[in-house]
Amino acid sequence: MSLMPSPGNPSPPEFWLETLATTVEQPSEGAATRRLLEAIVGAGLAEAAALMRATPPDWQTLAVWPKATRPPIDLAAEACDAETTSTAGDWSAAVLVESGAAPPDGRSSPREVLLLRGAGTAAIEAIAPSCAWVLGIGRHARAATRNAERLRSILDMTKSWRRTSDLRSLLEQMAEAACQLFAADRASIFLWDQAAKTLVGRPALGVDGGELRIPDDAGVVGAVLQSRQPVRVSPTNQEAIDRATDKKTGYQTDTLLGVPLVDRAGDDPDGQLLGVFELLNKRHGDFTEADERGLADLADYAAVALAETQEFEQLLERHEQMVDEAASGVRLLGECSAIEALRATVDRVADTDLAILILGENGCGKEVVAQSLHYKSGRRQGPFVAVNCAAIAESLLESELFGHEKGAFTDARESRAGKFELAAGGTLLLDEIGDMSLGGQAKLLRVLEEKTVVRVGGGVPIETDVRVLAATNADLASLVREKRFREDLYFRLNVVSIDLPPLRRRGDDVMLLAGHFLDGFCRAMGRKTPKFTTAARKRMLAHAWPGNVRELRNLMERVAYLSPGDRIEADDLAFTLSPAGQRGDLLEPGLALNDATHLFQEKYIRATIDQARGNVSQAAKQLGVHRSNLYRKMRALGMSTEEDEGDPA
């Protein structure tokens, strides 16, 4: 897909990059779509815009802008059927075709139509590919986030199953967890009574005793059991649904997902078939391939727990594997002396319960250090819980950290454990501790000293077995002197201090990290990783990196998607190397004098040519050299020239 301007699409690539940045961060597809349409209308590309999705036999309006806009549905249907741009009056419609790999959640690309009023055929044909690109990346990002959150939720939920010895209670917990994770209306676990050729489903709402018995070859669950393969049912293929069961329960089944429950811990290479895990009626839309994979993962945990309720060796082994996978993703990359020393410190203090204060600028990897401390410790099997203290209002801080009882305040409709309880046996990271209010600091100090919490509205002390790490980008010592941070809490948290260097002080680690991120993004896209030219490498090393590793990672993600060739040129980096407020007249320390001189000359020549609006002859006059000498100097500095093509008069 090309983001370059065209006669029908006057907006430059920067417009679509800025639009991408604002839409990707939206929490939902609807919000992202509205933001995209608002940007199109706001930029003057159209008078009004709408995005519609085909949901046969109907159409779903995803978003419109302005809000009162009434898009022509017949025109959207015409464009979708003809698979070409269609017009009617001052409206134009084009089908969006998402490029690239399938989203991480496995969903197929939906059939969507962009409608613009007052834009014209040429404009919508130029704009539609960019819109598809923006929306596609947003879907990838949100799907990846959902998958990560789902994996984390599965880990957390299955820990409680270890403490459940009652089978009925265990089945209810499993069903509740599945409904929550996959947005399903109901869930049941069907256990196979092989001798009686019967499937026994629990919990079964609407059935006496909460138990449903059906033949082991009946309906969808029977098909799953016999084939050992997952089955998904949507409103368009409901023939397999056993309506006799619906009649018995008084419940209407529209969508269904079933996966086999197989205990793989025994001697049987195919595992012991225990039954079927079933979900009914997705709350929004149909069950997806991602739901199928996620329920299969959850079913693996459930099968182990069900095989022998009081024995969890197999479950713990699987949990250990997932912990190992999570730990392998936490790496302190770098070869500079500061990072080498940091790794040595982490190795020495990780397997202790010492309080550690992690210092460093925003984006330099404080949470990665905290996770490394956790996974290298004896608490690695426990949870790692991170709390952003700056994001919690003072009125909610005590409830968030220490929990509350039902009725403790107006919105306390049920009892809830706080972060200290959720992190029991593991590690609690208090991020941005310097932004915590003085009142919150006093309450935190009491808990750290007494190692007990009392829920808001409760009176029973709860012991806390948790290791506390704190992180901040603030100068806590200065805050103590200014009476904005408690001195006693400062010394309680600062038993060991770990100071992360900013990226600009890490020398060639910039390129090591850039290669790591770029290779990961390109591998996910299925493209060959491009190489940095010498000029691009110099510009990377000269940049001040105010956003540190986070900024570098974001830059490499953009380069992976936007750089067209096998080589990354210095100009490919220009759109991120001069953020607002960054001083462009100075180079950062750490370069050899000769390299710094070359970089200064390159930057000064580029600035002069830009000031002359690309006229190299005029720039040469301002620099006091002949044009041919300027071209020679530019080539010596590794800068691209257009001497053979001539420069503007």
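Residues numbered from 1 in each chain as written. Predicted model: local features only at pLDDT ≥ 70, side-chain atom pairs only at ≥ 80, totals over all residues. Heavy atoms only, no water.

(A) Local environment of the nonpolar core. Counting 29 residues, the largest nonpolar core has Phe 420, Leu 430, Ile 433 and Phe 485 as the members making the most contacts within it. Broken down by secondary-structure element, the contributors of at least two residues to this core are β13 (384-388), α12 (394-402), β14 (427-431), α14 (438-450), β17 (467-472), α15 (476-481) and α16 (487-493). In terms of residues, this core owes the most to one element, α14, which gives four residues. For Phe 485, the residues in contact, after removing those within four places along its chain, are Ile 433, Gly 434, Leu 438, Gln 441, Leu 476, Leu 479, Val 480, Tyr 490 and Leu 493. In this structure, Leu 20, Ile 127, Ala 128 and Ala 132 belong to the second largest nonpolar core, which totals 28 residues. (Core = buried A, V, L, I, M, F, W, Y, C linked by side-chain atoms within 4.5 Å. Buried < 20%, exposed > 50% of the residue type's maximum accessible area, 1.4 Å probe, protein only. Helix = DSSP H or I, 4+ residues; strand = E, 2+ residues; numbered from the N terminus. Contact = heavy atoms within 4.5 Å.)

(B) Geometry of unusual backbone geometry. In this structure, the amide linkage connecting Trp 65 to the following residue, Pro 66, adopts the cis form with an omega of 0 degrees. In this structure, Arg 228 takes a positive phi of about 60 degrees despite not being glycine. Along the chain, Arg 228 falls in the loop between α6 (219-227) and β9 (231-233). The residue Asn 548 is not glycine, and still its phi comes out positive at about 60 degrees. With respect to the element layout, Asn 548 can be found in helix α19 (residues 548-562). A relative accessible area of 0% means that Asn 548 is categorised as buried.

(C) Structural view of the sheet that holds strand β3 (residues 86-88). Here five strands make up an open sheet; going across it, the order is β2-β1-β5-β4-β3 and the pairing antiparallel. At either margin of the open sheet sits one strand with a lone partner, and together these are β2 (58-65) and β3. The mean inter-strand angle of the sheet, taken between neighbouring strand axes irrespective of direction, is 25 degrees. In the sheet, strand β1 (residues 48-55) pairs with β2 via seven bridges, with the strands oriented antiparallel. Residue pairing in the sheet places Ala 54 in a bridge with Trp 59 of β2. Sitting on the sheet, helix α2 (residues 29-42) is in contact with β1, β2 and β5 (112-117), with an inclination near 55 degrees to β2. Where helix α3 (residues 73-82) meets the sheet, it contacts β1, β2, β3, β4 (91-96) and β5, and its direction lies at approximately 45 degrees from that of β4. (Pairing = 2+ DSSP bridges. Axes fitted to C-alpha atoms, helices over the stretch in contact; angles between N-to-C directions.)

(D) Seen up close, the confidence of the model for the chain. On average, residues of the chain carry a pLDDT of 80, and 83% of them reach 70 or more. Here helix α9 (residues 313-328) is the element of the chain with the lowest mean pLDDT, 59, and strand β19 (residues 531-532) is the one with the highest, 92. Throughout residues 310-316 the model reports pLDDT below 50, and contacts reaching past four residues in sequence, or to other chains, amount to 13 contacts. Below pLDDT 50 for its whole length, residues 644-649 participates in eight contacts with residues either more than four positions away or in separate chains. (pLDDT = per-residue confidence, 0-100.)

(E) Representation of the sheet that holds strand β7 (residues 198-202) in the model. Spatially, β8-β7-β6-β11-β10-β9 is the arrangement adopted by the six strands of the open sheet, whose pairing is antiparallel. Sheet topology places β8 (212-215) and β9 at the edges, where each strand pairs with a single neighbour. Sheet twist, expressed as the mean angle between neighbouring strand axes with direction ignored, is 25 degrees. Sheet topology places β7 next to β8; four bridges connect them, and they run antiparallel. Looking at β8, one finds that Val 200 is bridged to Arg 213. Across the sheet, α6 touches β6 (184-193), β7, β8, β9, β10 (256-263) and β11 (272-282), and the angle it forms with β11 is around 145 degrees. Contacts between helix α8 (residues 289-307) and the sheet are confined to β6, β9, β10 and β11, with β10 contributing the most and set at about 35 degrees to the helix.

(F) Inspection of the environment of Ala 350 at higher detail. Within the secondary structure layout, Ala 350 lies in the loop between α10 (337-349) and β12 (356-359). For Ala 350, a relative accessible area of 1% translates into the label buried. C-alpha separation for the pair Ala 350 and Ser 372, spaced 22 residues apart in sequence, amounts to 7.9 Å. Setting aside residues up to four positions removed in sequence, Ala 350 forms contacts with Leu 373, Lys 376, Ser 377 and Arg 467.

(G) Highlighting the packing of helix α1 (residues 13-24) against α2. In contact at an axis separation of 9 Å, α1 and α2 are set at 150 degrees when each is read in the N-to-C sense. The angle between α1 and α2 places the two elements in the roughly antiparallel class. Along this stretch, α1 crosses α2, giving a crossing that reads as right-handed. Mapping the contact onto sequence places Phe 15, Trp 16, Thr 19, Thr 22 and Thr 23 in α1 and Ala 32, Arg 35, Leu 36, Ala 39 and Ile 40 in α2. Taken together, the residues that form the contact of α1 with α2 break down as six nonpolar, three polar and one charged. (Parallel < 35°, antiparallel > 145°, perpendicular 65-115°, else oblique. Left-handed = near helix turned anticlockwise from the far one by under 90°. Nonpolar A, V, L, I, M, F, W, Y, C, P; charged D, E, K, R; others polar.)

(H) Region of interest: the pairing of β12. In terms of strand pairing, β12 meets β17 through four bridges, oriented parallel. Looking across to β17, one finds that Ile 358 is bridged to Ala 471. Summarising the sheet, β12 and strand β18 (residues 496-499) pair through four bridges and their orientation is parallel. Bridge assignment links Leu 359 to a residue of β18, and that residue is Asp 499.

(I) Broad picture of the side chain of Thr 85. Structurally, Thr 85 is set in the loop between α3 and β3. Of note is the side chain of Thr 85, whose polar atom sits 3.1 Å from the side chain of Glu 125. Not counting residues within four places of it along the chain, the set of residues in contact with Thr 85 comprises Ala 93, Ala 94, Thr 121, Ile 124 and Glu 125. (Polar contact = N/O pair within 3.5 Å; in protein donor to acceptor, adjacent residues only side chain to side chain.)

(J) Here's a closer look at the environment of Ala 68. Here Ala 68 shows up in the loop between β2 and α3. Sequence separation between Ala 68 and Ala 48 is 20 residues, and the spatial gap between their C-alpha atoms is 9.7 Å.

(K) Helix α17 (residues 509-525), seen in detail. With 17 residues, α17 extends 24 Å from end C-alpha to end C-alpha; this agrees with the ideal 24 Å at 1.5 Å per step. By the burial criterion, the buried members of α17 are Asp 509, Val 510, Met 511, Leu 513, Ala 514, Phe 517, Leu 518, Phe 521 and Cys 522. Among the structural elements, α10, β19, α18 (534-542), α19 and β20 (567-568) are those in contact with the buried residues of α17. Gly 526, located one to two residues past α17, shows a positive phi value of around 80 degrees. (Expected span 1.5 Å × (residues − 1).)

(L) Summary view of the packing of α12 against α14. Two numbers describe how α12 lies on α14: the axes approach to 9 Å, and their chain directions differ by 20 degrees. Considered as vectors, α12 and α14 are oriented roughly parallel to each other. Seen along the crossing, α12 lies across α14 with a hand that is right-handed. Touching Glu 394, Leu 397, Glu 398 and Phe 402 of α12 are Gly 439, Gly 440, Lys 443, Leu 444 and Val 447, all from α14. Taken together, the residues of the contact of α12 with α14 sort by class into four nonpolar, two polar and three charged.

(M) Layout of the packing of aromatic side chains. The full count for this structure, using the stated rule, is two aromatic pairs. Measuring from ring centre to ring centre gives 5.3 Å for Tyr 490 and Phe 491, while their planes differ by 65 degrees; the resulting arrangement is edge-to-face. The class for Tyr 490 is buried, based on a relative accessible area of 17%. (Phe/Tyr/Trp six-rings, centres within 6.5 Å; stacked < 30°, edge-to-face > 60°.)

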